[in-house]
Amino acid sequence: AVVSTQSTGMQYGLAFLFNTPQEPDDLLKILYNLKITPYWDNMFGILSKVSFQRDPTNQAFNNQRLAAHTDMPYYTQTPSAYFFHCVANELDGGESFWSDTFSAVKHIRDTEPDKYDLLTTILVPFRQYPKEWHMAGRYPTVELMGDDIYRVRDCCFVIDTYQFLRDYDAETRERWWQAYRTLRLLMEDPARTVQQKLGAGDLVLIDNWRVQHGRNAFSVGGAGGRRAMEVAYIEWSHVQNRLLKME
């Protein structure tokens, strides 16, 4: 099952492993036992914990719908993959969903090449201020390797619209926003989206360069319960290494 999960994740950008340990901090133990290390350290540490906060410092910590997005688009190189581990999911709502960006981009490339050119050339500024950090960077939405789609970098709620205003004239901005809107609408097509409410012990492997993730809103009132997730970022090369050694 473990080999199948890793192989499926590398092929399709999304894979699930069920019935894993479900205590806090178990994710790092799971990955260590699977020999998928080292972890990708970042401003949140090697283990990021996501749960509801009354006074959130990040969109992930509230209970509202979280639009599909790439994690950490302001990094020079966004983390290539990560494991998303459900410790508890006892509240109403909060279904997770994942969208295949490569399929959407290929459709635009084949049907609206002018919009494809904008998505691959216009540098989009991202900016976020998590606690003591100030993260910023400018990158195209779609990055290419030769003629092939290499990765998609998109997080609508950390686009620095003021910087974008300074970088480009009104006509260019309007054309890019139209292209971006087309991309988002295609990504939200149910044919390109998988949705599932995760249960305790569910583990998801996600290609951060290809598959964007989000969640539906959830209730925090009523008789209690909790929603606790943990995230550990990794390098695809280390997953590939593990698969090659198993052959």
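Let me sum up the structure you'll find in this document. Predicted model, so just to flag it, every value in this text is computed and none were measured. (Residues numbered from 1 in each chain as written. Predicted model: local features only at pLDDT ≥ 70, side-chain atom pairs only at ≥ 80, totals over all residues. Heavy atoms only, no water.)

This part covers the overall build of the protein. If you tally the helices and strands in the protein, you get seven helices and 13 strands. The C-alpha radius of gyration computed for the protein amounts to 18 Å, which stays within 12% of the reference 18 Å derived for 247 residues, consistent with globular compactness. Principal-axis analysis of the C-alpha atoms gives the protein an extent of 50 × 50 × 35 Å. Here the protein holds 247 residues, and 53% of them are scored as buried. Pairs at least 24 residues apart make up 80% of the contacts formed inside the protein by residues separated by at least 6 positions. Of the roughly 12,200 Å² of accessible surface on the protein, 49% is carried by carbon and sulfur atoms. Here the protein carries 26 positive and 31 negative side-chain charges, and the mean point of each set is 2 Å from the other. (Helix = DSSP H or I, 4+ residues; strand = E, 2+ residues; numbered from the N terminus. Rg over C-alpha atoms; globule rule 2.2 N^0.38 Å. Buried < 20%, exposed > 50% of the residue type's maximum accessible area, 1.4 Å probe, protein only. Contact = heavy atoms within 4.5 Å. Areas by Shrake-Rupley, 256 points an atom, 1.4 Å probe, with all protein chains shown as cover. Lys, Arg positive; Asp, Glu negative; His and termini not counted. Charge placed at Lys NZ, Arg CZ, Asp CG, Glu CD.)

Below, the discussion takes up the sheet that holds strand E12 (residues 211-215). Two orientations exist for strands paired in a sheet by backbone hydrogen bonds: parallel and antiparallel. In space, the four strands of this open sheet follow the order E3-E12-E5-E10, with antiparallel pairing throughout. Each having just a single partner strand, strand E3 (66-69) and strand E10 (193-196) make up the two edges of the open sheet. Put simply, the sheet's adjacent strands are angled 15° from each other on average, direction ignored. Of the strand pairs in this sheet, strand E5 (residues 96-100) and E12 are connected by five bridges, and their pairing is antiparallel. (Pairing = 2+ DSSP bridges. Axes fitted to C-alpha atoms, helices over the stretch in contact; angles between N-to-C directions.)

Here we come to the packing of aromatic side chains. In the structure shown here, the tally under the stated rule is 14 aromatic pairs. A centroid spacing of 6.4 Å and a plane angle of 85° characterise the contact between Phe52 and Phe218, whose relative ring orientation is edge-to-face. Of this pair, Phe52 sits in the loop between strand E2 (48-51) and E3 while Phe218 is found in the loop between E12 and strand E13 (227-234), placing the two residues 166 residues apart along the sequence. By relative accessible area, which is 27% here, Phe52 ends up partly exposed. Aromatic side chains Phe164 and Trp177 sit 6.1 Å apart centroid to centroid with 75° between the ring planes, which places their arrangement in the edge-to-face category. Remark: Trp177 occurs in helix H6 (residues 170-187) and Phe164 occurs in helix H5 (residues 161-167); sequence separation between them is 13 residues. (Phe/Tyr/Trp six-rings, centres within 6.5 Å; stacked < 30°, edge-to-face > 60°.)

Let us look at the pairing of strand E11 (residues 203-207). With five of its five residues buried, E11 lies for the most part within the structure. Every second residue of E11 is oriented toward a common face, with Leu203, Leu205 and Asp207 on one face and Val204 and Ile206 on the other, all of them buried. Bridge count for strand E1 (residues 14-17) against E11 is four bridges, and the pairing is antiparallel. Opposite Ala15, over in E11, you have Leu205 as the bridge partner.

For the rest of this paragraph, the subject is the side chain of Thr182. When you line up the elements, Thr182 lands in helix H6. Within the structure, the side chain of Thr182 is placed 2.8 Å from the side chain of Lys115, a separation counted as a polar contact. Discounting residues that sit within four places of it in the chain, Thr182 has contacts with Ile108, Glu112 and Lys115. (Polar contact = N/O pair within 3.5 Å; in protein donor to acceptor, adjacent residues only side chain to side chain.)

On to the environment of Leu14, then. The topology assignment puts Leu14 in strand E1. Looking at Leu14, the relative accessible area reads 13%, which means it is buried. With sequence-adjacent residues up to four places away left out, Leu14 is seen in contact with Thr8, Gly9, Trp98, Val194, Val204, Leu205 and Ile206.

What follows is about the nonpolar core. Counting 49 residues, the largest nonpolar core has Tyr74, Phe84, Trp176 and Ile206 as its most contacted members. Ranked by residues supplied to this core, first place goes to H6 with six residues. Setting aside chain neighbours within four positions, we find Phe84 in contact with Ser96, Leu198, Asp202, Leu203, Val204, Ile206, Met229, Glu230 and Val231. Within the second largest apolar cluster, 19 residues are counted, among which are Ala15, Leu34, Ala232 and Val239. (Core = buried A, V, L, I, M, F, W, Y, C linked by side-chain atoms within 4.5 Å.)

This part takes up the packing of helix H3 (residues 101-111) against helix H4 (residues 113-121). Axis separation between H3 and H4 bottoms out at 6 Å; the angle between their running directions is 130°. One way to sum up the angle between H3 and H4 is to call them oblique. The residues of H4 that touch H3, namely those facing Val105, Ile108, Arg109 and Thr111, are Pro113, Lys115, Tyr116 and Leu119. (Parallel < 35°, antiparallel > 145°, perpendicular 65-115°, else oblique.)

Further remarks concern empty space enclosed by the protein. The tally for this structure, following the rule as stated, stands at two cavities of 30 Å³ or more. Volume-wise, the largest cavity comes out at about 430 Å³. Every residue lining the largest cavity is counted, 29 residues in all, and those nearest its centre are Asn58, Ala60, His69, Asp71 and His213. Broken down by class, the residue content of the lining of the largest cavity amounts to 17 nonpolar, nine polar and three charged. Roughly 30 Å³ of internal volume is contained in the second largest cavity. Lining the second largest cavity we find Val50, Ser51, Phe52, Ala60, Asn62, Arg215, Phe218 and Arg227. (1 Å grid on protein atoms, 1.4 Å probe; cavity = no way out; pocket = protein on both sides within 12 Å on 5 of 7 lines; lining within 4 Å. Points joined across faces, edges and corners; volume = space filled by probe spheres on them. Nonpolar A, V, L, I, M, F, W, Y, C, P; charged D, E, K, R; others polar.)

Spatial relationships are all this shows, so hold off on functional conclusions.
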